[in-house]
Amino acid sequence: MWSESETYFRKFETEKDWSVVMIKRLAACVREYKKDSILTSVTVTFEVLMEVIIPFFMAFLIDEGINVGNISNIYKYGAMLVVFALLALLCGVLAGKYAARASAGFAKNLRRDVFYRVQNFSFSNIDKYSTAGIVTRLTTDITNIQNAYQMIIRIAVRAPLMLIFSLIMTFTINSRLAVIFLGVVPVLALGLYLIIRYAHPIFKRVFKTYDRLNNVVQENLLGIRVVKSYVREEHEKKKFNEVSDSIYRDFTKAEKTIAYNMPLMQLCVYSTILLISWLSAKMIVASTMTTGQLTSLISYTLQILMSLMMVSMILVMITIARTSAERIDEILQEQSDLHNGPNPVRKVPNGAVQFENVSFSYAKSKEKLCLHQVNLDIKSGQTIGIIGGTGSAKTTLVQLIPRLYDVTEGTVKVGGIDVRQYDVETLRNEVAMVLQKNTLFSGTIKENLRWGNESATDEEMIHACKLAQADEFIRSFPDSYDTYIEQGGANVSGGQKQRLCIARALLKKPKILILDDSTSAVDMKTDALIRRAFQEQIPNTTKFIIAQRISSVEDADRIIVMDNGGINGFGTHEELMRDNAIYQEVYTSQVKGGIIHE
Amino acid sequence: MNKKKGTLRRLMKYVTAGHKLQFLIVLVCILISAVANVAGSMFIQVLIDDYISPLLLDPSPVFTGLLKAILIMGMIYLTGVVSTLCYNRLMVTISQNVLKDIRDNMFDHMQELPIKYFDTHSHGDVMSHYTNDTDTLRQMISQSIPQLFNSVITVAAVLCAMIVMSIPLTILVLLCVAVMLVVVRKVAGKSGTHFVKQQQALGKMNGFIEEMIGGQKVVKVFCHEEKAKKEFDGLNESLFENAYKANKFANIMGPIMNNLGNLQYVLIAVLGGAMSIIGFGGISLGMIASFLQLSKSFSQPINQISQQMNSIVMALAGAQRIFDLMDEEPEQDDGYVTLVNAILENGQLTETTEHTGIWAWKHPHGDGTVTYTRVQGDVRFFDVDFAYDPGKTILHNVTLYAQPGQKVAFVGATGAGKTTITNLINRFYDIEDGKIRYDGININKIKKSDLRRSLGIVLQETNLFTGTVKENIRYGKLDATDEEIIRAAKLANADEFIRMLPNGYDTQLSGNGANLSQGQRQLIAIARAAVADPPVMILDEATSSIDTRTESIVAQGMDGLMHGRTVFVIAHRLSTVRNSDVIMVLELGRIIERGTHEQLIDEKGKYYQLYTGAFELE
């Protein structure tokens, strides 16, 4: 799965500003939550301001109240502190609320954009990603970004502000002592920088190893019957342990580096405190400073170094989120390679299909052609059978008609017009294709059928199901057309599923109907009934039938024999039986196997 | 609650077991580090009271005493820093060790689980034990646990210091803390409820995405994108609502605790000040100043603990799920008959370590004698009943004989029990009633791993593993030479296409062989079975995804593969089973017809109807 990501990274390695471009693209998804994001920063600013002021007045409380035993000053400063604390509380709560809304909203928009983008993918875009890959992006990755974003708008504002305000306060209290920070802060910053720089590449490696671990587990789960049949449990354990071990080693290394964070921070805090203590003691004795100021200075010391610590935490967080951001961005920047041309044609005149010197490659390279130089001329209303071995490009050929992929060379015409000139939706509504790997969705049978035509009446649905020979078995279900289909159609048999898929396609009332091995699980008698119904009820629809069984195609107007990405024969059953070697071979193999009965 | 405690205890066992000494050192280091920290927060007051104030009164101040105090403090601090470094680094080793142990134990245990477990649990759920659940554990072990200890020790140390200083003020602080804890409980509870709701919304969303993206091509073909978007928006909105609320409550915890701490500070200052002025409880002014400092050090760790609560609860839930997996009953195996290599000398079988091509069952008896039975592939079922769920019998009274070298076919509709029969032969499931004998031995007596090694299996769903083509074929026999692999591939008619691949036998396969066609993957799976060279083969819809022309080519290879072996074939394409020695027609878990193709056709029963296409099989 991450081989895709790798090419993505490589592509961007040459562009230095890729991360800027990426962040811009992601940030564009904040949209209506910009207000909340800004409000977060504003309220955080006030919260920080309060938090900085509070120790300042605490110093007054001690110096002018407690130390001199002045109870009214204690009350005065106490009351002020209560007000400040309540204000800080208010700002903090508001900031928390705004931050939650901004980040959850940002995540919502991101998810929406990614999902919408995927909906606009062409088939060749879809082929690049695994379902699991997209699901992880929409869930885990976006959650990571959501957390990082919340962190950024709260803490990335908070930490620098805290640093600046606290520095200002220390300078106000005692500018000579504040100079200490100018020495300590760069040391700490440098230390943190070095730690992150060293740990980041290791973390990156760990995440890749994690992918490998997941892969081992997933393959093990999928192939558990193979594992158990071959008694390969030990082999699998070894495989897993190796990956697990390399995660252990890398993670330990990275985290051990990160483990310097805390002591480094303590070292800086403690030395600062000691330095301040020593110097301020002298100052206090020399009466240029008060003890209250000393306690405030210590408070600010903690705040200053704490905010630096927070910065380093954000950096770690961003490091983790960066990988996720890259994976999301990969989808956001993926451009669908199928577009409507200018002034797209919105009407398909008829169901004629022409292939003119069509070559096709999934890799879009002329060296790896799957289909070479195909020429076909099919008249509207004809029934065309397609037969050929595994990998002979039968599916590839028909997928070009509803423009699921674009040709690499040549032209495919529907109704005499290049498919690239049509509005894609118009074309696909007129060219119904029943895919080989088909899916029903969770929902009732009616809901599934309505995919073909949202406003279909009950009569229309029943008619389509009758054509597809599905009506009878649907009625045998207790809930008839309201029977609930489980995800993937798990509660209907393979043959029933295929017939429902055909009915769904028929509801489009298309000019061209393509069945890609769509009756393989249907028995021969029903298969024949379906074909007869097509012939009688939708004679004007051009029909393409890909099949394994000769019996499914033998009565077609013409039959295409595919071999190795090219057309090996094109003619009627009789013609092909006479002079096509492959067709004869297939025929013989099936007669011998008892599939065809004379 | 009790369950949670059990989980925590079990988790702590992982943490302490194997690294008792390290863990002890960690505890000591945390203790030192916490004490140093507390000492630090008291130091300022000591500095002011014991050094600075006297110096102020001294007309000619001498700073040596102060310098000494600072140096001593410096030493204490340094010990603290070193301890922190030590325990942080040790904790990394411990936590990563624990995680590795848990991961490995979990996977090892999973390999021992019966097929039933895998049939009844969704892969996504199992996968999340290795990812999400272990991840939450990582956070908890490496961060929450040390922090928890640290906080507890700090709280204890500060509490001691406070009590020593002033009992009335301590009571005041404790009252404030009690209020804080009530607030924490309230807010954390709210946030927890919404986090659960968020997870549910996420789960719903996950299911929807999985279904839509899985069927993305269908969505495109039906131009259903807009509807999918609309439905998605609804789910997305509800996820947003819950995520927003959950995070809101988690976010406001910090400011609330912080400022309650500030209010507590003021309260102590005011009340303490008042008390000292009226002379209550022997409170001095200097005392209040240091007490204020202490009260800050007291509420801070409590604040930290409350922040960790969410992650601890989540980690414990994750740990619970992991332990549930580990507590699953492993596959039972009481078999003692083993599979050995043998040589045939004068009609007598003797065991050997060499690879002879002759296999024997080594059967030790109660009286100490050992008999050897040649592995021939004679499989018999006597009145076998079976149910996946007790009470719902799937197979009834199944009796069948498969003699060595025979090809036995099962035909019948989905759910008739064809695959179930093969699941019983290799003991993926155990029978309820009746008996299965393999070469005359009750299969319950045969060690499961040896039983399975003697059976080759090719399934409809081909599962290949990441690795080269060669490695995938070698999966059938780990010590197979390259020649053996190529021979097996030729037998399965796979050699030709493999050579056409970019790197031939060394071509890397990924994602379950996504770069191959269904048929090609199946051919590799057949080669994998061929290289294992077992006496009995089970082909469960092995050729159903190969076109008939290729199938006839594969069939030649398969004939070679099947020669001299007992073969069980399940197929819905009748051409595949036609030349079987015996065909069993199954319906609702019973064998309703049996015989050769010709006999069954003559009977004009169910098989005849199937064959003539009057019924569909799936």
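Residues numbered from 1 in each chain as written. Chains lettered and ligands numbered in written order. Predicted model: local features only at pLDDT ≥ 70, side-chain atom pairs only at ≥ 80, totals over all residues. Heavy atoms only, no water.

Draft legend 1. Region of interest: a nonpolar patch on the surface. Together, I163, I167, I171 and L175 of chain B give the surface a local cluster of nonpolar side chains, amounting to about 390 Å² of exposed area. Given the relative accessible area of 49%, I171 of chain B is considered partly exposed. (Patch = residues over 30% accessible without salt bridge, like charges linked within 9 Å, V, L, I, M, F, W, Y side chains within 5 Å. Areas by Shrake-Rupley, 256 points an atom, 1.4 Å probe, with all protein chains shown as cover. Salt bridge = Lys/Arg side-chain N within 4 Å of Asp/Glu carboxyl O. Buried < 20%, exposed > 50% of the residue type's maximum accessible area, 1.4 Å probe, protein only.)

Draft legend 2. Quick look at the sheet that holds strand β7 (residues 407–412) of chain B. Residue and element names in this part refer to chain B. Taken together, six strands build an open sheet; the order of strands is β10-β13-β14-β7-β15-β16 and the sheet is mixed. Edge positions in the open sheet fall to β10 (455–459) and β16 (590–595), since each of these has one partner strand only. Each adjacent strand pair in this sheet contributes to an overall mean axis angle of 15°, direction not counted. With five bridges joining them, strand β15 (residues 582–587) and β16 adopt antiparallel strand pairing. Looking across to β16, one finds that E587 is bridged to R590. (Pairing = 2+ DSSP bridges. Helix = DSSP H or I, 4+ residues; strand = E, 2+ residues; numbered from the N terminus. Axes fitted to C-alpha atoms, helices over the stretch in contact; angles between N-to-C directions.)

Draft legend 3. Here's a closer look at the nonpolar core. Formed by 129 residues in total, the largest nonpolar core has its most connected members in F355 and F544 of chain A. Examining the composition of this core, we find that eleven residues originate from one element, helix α4 (residues 71–119) of chain A, more than from any other. The contacts of F355 of chain A, once residues within four sequence positions are left out, are V374, N375, L376, L397, L400, I401, T411 and V412 of chain A. By size, the runner-up hydrophobic cluster in this structure holds 89 residues, among which are V216 of chain A together with I30, M326 and V536 of chain B. (Core = buried A, V, L, I, M, F, W, Y, C linked by side-chain atoms within 4.5 Å. Contact = heavy atoms within 4.5 Å.)

Draft legend 4. Broad picture of the side chain of H109 of chain B. All names here are of chain B. Within the secondary structure, H109 sits in helix α3 (residues 64–112). When its relative accessible area of 16% is taken as the criterion, H109 is described as buried. Of the polar contacts made by the side chain of H109, one reaches the backbone oxygen of E328; its length is 2.7 Å. Non-local contacts of H109, meaning those with residues more than four positions away in its chain, are made with L325, M326, E328 and P330. (Polar contact = N/O pair within 3.5 Å; in protein donor to acceptor, adjacent residues only side chain to side chain.)

Draft legend 5. Geometry of the pairing of β15 of chain B. All names here are of chain B. For β15, the buried fraction is high: five of the six residues fall into the buried class. Direction of pairing for β7 relative to β15: parallel, over a ladder of five bridges. Note on β15: the bridge partner recorded for V408 is V582.

Draft legend 6. Structural context of the pairing of β7 of chain B. All names here are of chain B. The element β7 is extensively covered by neighbouring structure, given that six of its six residues are classed as buried. Burial along β7 is two-sided: the face carrying K407, A409 and V411 and the face carrying V408, F410 and G412 are both buried. Relative to strand β14 (residues 566–570), β7 runs parallel, the two being bridged by four bridges. Directly across from K407, in β14, lies its bridge partner V567.

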